Amino acid sequence: MSEPKREILIAAAILLNEKRQMLVVRKRGTTQFMQPGGKIDPGETPEQALHRELAEEIGLTLPENAARYEGIFREEAANEPGADVVAHAFTARLHSEVTPQAEIEEVRWLDLDRTPGVTIARLTETQMLPLARAALTESETKPR
């Protein structure tokens, strides 16, 4: 029997703008773009981790209750071979610019209606992009 894969528990943000784009980040020394967010510290809730990581990585302070919890998603980790990432995902609208900080080297807006022209992490490709498209479709069909 094989060893169970190591799990990395994270909070991940699906940040969307009015142009049908989703924000992705690339950590220094890596090639794949992924959701902003990061590891959940002991004693921290996923939402607390989300707010802390967004402030640390891209200088973003989300208003209370601005992020909607979408659930837990699992995929092969991008930068840690032999590990799975287990992501508590949140969606939120972003109406301001962000600046890469800490270990983040680059931020980009991915157009949700086109195939990304950048290398993206498996979690982003298989789970977060479909979730982002669904969240935008839902908001576009909601009566105002």
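Residues numbered from 1 in each chain as written. Predicted model: local features only at pLDDT ≥ 70, side-chain atom pairs only at ≥ 80, totals over all residues. Heavy atoms only, no water.

As annotated in an unreviewed UniProt entry, the protein is NUDIX domain-containing protein from Agrobacterium pusense. Its UniProt record gives the protein a comment under Cofactor (unreviewed entry), which states: "Mg(2+)". In UniProt, the protein has this text filed under Sequence similarities (unreviewed entry): "Belongs to the Nudix hydrolase family." (UniProt positions renumbered as here; feature names shortened; annotations may be inferred.)

K.L.:
For this particular structure, what's the right way to read the environment of Pro46?
P.N.:
Among the structural elements, Pro46 can be located in helix α1 (residues 46–58). Those residues in contact with Pro46, other than ones at most four positions away along the chain, are Ala11, Ile40, His88 and Phe90. (Helix = DSSP H or I, 4+ residues; strand = E, 2+ residues; numbered from the N terminus. Contact = heavy atoms within 4.5 Å.)

K.L.:
When you look at the side chain of Thr91 in this model, what are you seeing that I'm missing?
P.N.:
Within the secondary structure, Thr91 sits in strand β5 (residues 83–93). For Thr91, the side chain forms a polar contact with the side chain of Glu70, separated by 2.6 Å. Contacts of Thr91, omitting those with residues within four sequence positions, involve Ile14, Ala66, Ala67, Arg68, Glu70 and Ala135. (Polar contact = N/O pair within 3.5 Å; in protein donor to acceptor, adjacent residues only side chain to side chain.)

K.L.:
How should I be thinking about the UniProt feature "domain: Nudix hydrolase" (unreviewed entry) in the protein in this particular structure?
P.N.:
Those places that UniProt annotates as "domain: Nudix hydrolase" (unreviewed entry) correspond, in this numbering, to residues 6–134. Here residues 6–134 runs as 20% helix and 38% strand, with 30 Å between its end C-alpha atoms.

K.L.:
So what exactly am I meant to see when it comes to the pairing of strand β4 (residues 68–76) here?
P.N.:
Sheet topology note: the β4/β5 ladder contains eight bridges and is antiparallel. Paired with Glu76 across the strands is Asp84, a residue of β5. Hairpin remark: β4 followed by β5, antiparallel, with six residues in the connecting loop; positive phi at Gly82, about 80°. (Pairing = 2+ DSSP bridges.)

K.L.:
Teacher, can you tell me more about the layout of surface pockets here?
P.N.:
The method is simple in principle: a probe with the dimensions of a water molecule rolls over the atoms, and the space it marks as empty is what remains. In this structure, the largest pocket spans a volume of roughly 400 Å³. In the lining of the largest pocket, the residues fall into 11 nonpolar, five polar and eight charged. In this structure, the second largest pocket encloses a volume near 220 Å³. Every element with two or more residues in the lining of the second largest pocket is listed here: β5 and α2 (122–141). (1 Å grid on protein atoms, 1.4 Å probe; cavity = no way out; pocket = protein on both sides within 12 Å on 5 of 7 lines; lining within 4 Å. Points joined across faces, edges and corners; volume = space filled by probe spheres on them. Nonpolar A, V, L, I, M, F, W, Y, C, P; charged D, E, K, R; others polar.)

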